Number of protein chains: 2
Amino acid sequence: MTRYRLEILVKPRPGLLDPQGKAIHHSLNSLGWEGVQDVRVGKAMYVDLDAASESEALEAADAMCRKLLANPVTEDFEVSLVGALEGAGS
Amino acid sequence: MTRYRLEILVKPRPGLLDPQGKAIHHSLNSLGWEGVQDVRVGKAMYVDLDAASESEALEAADAMCRKLLANPVTEDFEVSLVGALEGAGS
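Each chain carries its own residue numbering, running from 1 in the written order of its sequence. The order in which chains are written sets their letters, starting at A; the order in which ligands are written sets their numbers, starting at 1. Totals for whole chains, interfaces and linings use all residues, but because this is a predicted model, local features are given only for residues with pLDDT of at least 70 and pairs of side-chain atoms are given and counted only at 80 or more. Side-chain numbers come from the whole structure's heavy atoms, not from hydrogens or water.

A. The arrangement of helix 2 (residues 54–69) of chain A in detail. All names here are of chain A. Under the 1.5 Å per step criterion, the end-to-end length of helix 2 is only 20 Å for 16 residues, more than 12% shorter than the ideal 22 Å. Each residue is placed in one exposure class: buried if its accessible area under a 1.4 Å probe, protein chains only, is under 20% of its type's maximum, exposed if it is over 50%, and partly exposed if it falls in between. Secondary structure follows DSSP: runs of H or I at least 4 residues long count as helices, runs of E at least 2 residues long count as strands, and numbering of each begins at the N terminus. Three or more residues of helix 2 are buried, namely Ala57, Ala60, Ala61, Met64, Cys65 and Leu69. With its buried residues spanning 145° around the axis, helix 2 presents them on a single face. Looking at helix 2, the residues exposed on the side facing more than 90 degrees away from the buried face are Glu59, Arg66 and Lys67. By definition here, a helix of n residues has an expected span of 1.5 Å times n minus one. Directions are taken from the helix axis to each C-beta atom, and the arc is the one they span.

B. Structural context of the relation of the copies chain B and chain A. When the copies are overlaid, the least-squares fit takes in C-alpha atoms only where the residue has pLDDT of at least 70 in both copies. Overlaying chain B on chain A yields an RMSD of 0.0 Å, the required transformation being a rotation through 180° with an accompanying axial translation of 0.0 Å. One copy is carried onto the other by what is essentially a two-fold rotation axis. Identified as the residue of chain B closest to the rotation axis by C-alpha distance is Lys43 of chain B, at 2.2 Å. In this analysis, two residues are considered to be in contact whenever any of their non-hydrogen atoms come within 4.5 Å of each other. Most of the interface of chain B is mirrored in chain A, where 100% of its interface residues again form contacts.

Below, the structure written as structure tokens:
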């Protein structure tokens, strides 16, 4: 078993309303950043997971996204491996 | 002027409490992913910005994080360039 750190990015699908992004967009314009044209806000999750291999860790993260972490109707997700942390015993 | 897309990741500093991460951690364990050891949750923001150069775009994003997007006491941030989108006229 190795402990892997996975980065999971969940973002609103293109075209769907993103009120939080819109609020930040307006705030940035008000603060003087006139060049800002669009802002989208999603979640960045870091999961530390004990798994037998990189591919097992990535598959588990993919399943977690489909089952819990992302809303398949409104959000897209990306999973990537940040790195192996250390052996997790035995 | 070119339009750049920037990815900004804001995450809770190591050691600080992250109740949302803890809730997801427990949910994943309950759903059968016993190998999950830790979860941290932050924000992933995608900012489309008109700027004269890559370095100007990155500096602007850094300033946005310090002023609005991240809490410097509790959060760390990372800015990276996703790519240039298209010329933004003139």
